[in-house]
Amino acid sequence: MKSPSPIFCLILCALISLSTSVLTAQENPVSFYIAYQWPGSYCAAAKQGCCYPKSIRRHPSFTIGGIWPYTFSGDRPTYCKSKTPFSLSKISNLTKSLERNWPSLSCPSRTSSISSKKLWMQEWQKYGTCAESLFGGQYQYFHAGLNLRKKIDMLQILSNAGIHPNGSFYEMTAVFNAIQKATIYLPGFICNKDKSGNKQLYQIILCGNTAGTTITDCLGNPRSNTGQCPEKFKFPPLK
């Protein structure tokens, strides 16, 4: 079977939809996206600077940028009504792994874990509350994200294809093909801009099952016109 055109990833870029929906019985989420985020791109774009956790400085890697439920119509619902407020105690045995794999990159993460705890609370309030029907609870939501992060070594996949975070510009086709070859699934891309205005690879999007045991096809019809990547983009280093 002929591989789909990498232009398809421009459709998947739609998953960064900023639209907010009110969930109804007909608009329950059908699955979720996981965003693999490159810290170098976050920091190259951050106006207020950023702080890498020590673990990332020692072992550069993609982190989790988010677990985003989506409906079949392509909306990403946010801030849903929930009877389950965020509770750090419910994920207490996950916090060490979350600090390594789903950290806040905003300062002062180097001096305390307060930034990351605030991030996890915000992620649950914004997206997790809309994903309860998929995951069943807060612990399962974060646990699934960690499992999928561990299953995919995105930096190694790209390095194996000769794609390195050295400030060079790479063809979208090359990045797309490298990820599809390694995972057999179609990735989506989200780009941001560095301080010079260059579009850079910021997040790579895949989908997974709710147990976090495997990457799956993305369902639905994601849509948006923001965050799309050009045919060639920068892959910045960690600085």
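Here we summarise the structure given alongside this text. (Residues numbered from 1 in each chain as written. Predicted model: local features only at pLDDT ≥ 70, side-chain atom pairs only at ≥ 80, totals over all residues. Heavy atoms only, no water.)

Attention now goes to the pairing of strand β1 (residues 31–37). Of all the 7 residues making up β1, 7 are buried; the element is thus mostly covered by neighbouring parts of the structure. The side-chain alternation of β1 yields two buried faces, one formed by Ser-31, Tyr-33, Ala-35 and Gln-37 and the other by Phe-32, Ile-34 and Tyr-36. Bridging between β1 and strand β2 (residues 63–70) involves 7 bridges; their strand directions are antiparallel. Each residue of the ladder has a partner; that of Phe-32, found in β2, is Pro-69. With 5 bridges connecting them, β1 and strand β5 (residues 199–208) associate as antiparallel partners. Considered in β5, the bridge of Tyr-36 is made with Ile-204. (Buried < 20%, exposed > 50% of the residue type's maximum accessible area, 1.4 Å probe, protein only. Helix = DSSP H or I, 4+ residues; strand = E, 2+ residues; numbered from the N terminus. Pairing = 2+ DSSP bridges.)

Side chains that carry opposite charge are capable of pairing whenever their charged atoms lie near each other. Considering all chains together, one arrives at 1 salt bridge under this definition. For Asp-194, the salt bridge goes to Lys-234, with nearest N and O atoms at 3.1 Å. Pair noted here: Asp-194 is in the loop between β4 (188–193) and β5 and Lys-234 is in strand β7 (residues 232–234), with a separation of 40 residues, a long-range link. When its relative accessible area of 9% is taken as the criterion, Asp-194 is described as buried. Using a relative accessible area of 18% as the deciding quantity, one classes Lys-234 as buried. (Salt bridge = Lys/Arg side-chain N within 4 Å of Asp/Glu carboxyl O.)

Moving on to unusual backbone geometry. Phi at Tyr-79 takes a positive value of approximately 50 degrees, unusual for a residue other than glycine. Note that Tyr-79 resides in the loop between β2 and α4 (95–101). Backbone geometry places Ile-184, a non-glycine residue, at a positive phi of 70 degrees. For Ile-184, the location among the structural elements is in the loop between α9 (172–183) and β4. Taking relative accessible area as the criterion, Ile-184 reaches 61% and is therefore assigned exposed.

With that settled, the discussion passes to the packing of aromatic side chains. Scanning the entire structure with this criterion turns up 13 aromatic pairs. When the ring of Trp-68 is compared with that of Tyr-127, the centres are 6.1 Å apart and the planes differ by 45 degrees; the resulting orientation is tilted. Of this pair, Trp-68 sits in strand β2 while Tyr-127 sits in the loop between α5 (114–126) and α6 (132–135), and the two are 59 residues apart along the sequence. The buried category is assigned to Tyr-127, whose relative accessible area is 6%. Taken together, the ring pairs connect Phe-32, Phe-86, Trp-102, Trp-124, Phe-135, Tyr-141 and Phe-142 into an aromatic cluster. (Phe/Tyr/Trp six-rings, centres within 6.5 Å; stacked < 30°, edge-to-face > 60°.)

Before going further, it helps to spend a moment on the pairing of β4. Across the 6 residues of β4, 5 count as buried, placing the element largely inside the fold. Connecting β4 to the next strand, β5, in antiparallel fashion are 5 residues, including Gly-197 with a positive phi near 90 degrees.

This brings us to a nonpolar patch on the surface. Taken together, Val-30, Phe-72 and Leu-219 make up a surface patch of nonpolar side chains, about 280 Å² in accessible area. Assessed through its relative accessible area of 34%, Val-30 is described here as partly exposed. (Patch = residues over 30% accessible without salt bridge, like charges linked within 9 Å, V, L, I, M, F, W, Y side chains within 5 Å. Areas by Shrake-Rupley, 256 points an atom, 1.4 Å probe, with all protein chains shown as cover.)

Okay, the state of the cysteines next. Scanning all chains against the criterion turns up 4 disulfides. Shown here is the disulfide that connects Cys-80 with Cys-130, its sulfur atoms set 1.9 Å apart. Across the disulfide from Cys-80 to Cys-130, rotation about the S-S bond amounts to roughly 105 degrees, and the bridge is consequently right-handed. Of this pair, Cys-80 sits in the loop between β2 and α4 while Cys-130 sits in the loop between α5 and α6, and the two are 50 residues apart along the sequence. Like Cys-80, the residue Cys-130 is buried in the burial classification. Across the disulfide, Cys-207 is cross-linked to Cys-218 (sulfur-sulfur distance 2.1 Å). Between Cys-207 and Cys-218 the sulfur-sulfur dihedral comes to about 105 degrees; the bridge is accordingly right-handed. Taken as a pair, Cys-207 in strand β5 and Cys-218 in the loop between β6 (215–216) and β7 lie far apart in primary sequence, 11 residues in all. Of the residues examined, Cys-207 reaches a relative accessible area of 0% and is grouped as buried. A relative accessible area of 25% places Cys-218 in the partly exposed class. (Disulfide = S-S within 2.5 Å.)

Along the chain, Tyr-202 turns up in strand β5. For Tyr-202, a relative accessible area of 16% translates into the label buried. Beyond its immediate stretch of four places on either side in the chain, Tyr-202 contacts Tyr-36, Gln-37, Trp-38, Ser-41, Tyr-42, Ile-190, Cys-191 and Asn-192. A polar atom in the side chain of Tyr-202 sits 3.0 Å from the side chain of Gln-37. (Contact = heavy atoms within 4.5 Å. Polar contact = N/O pair within 3.5 Å; in protein donor to acceptor, adjacent residues only side chain to side chain.)

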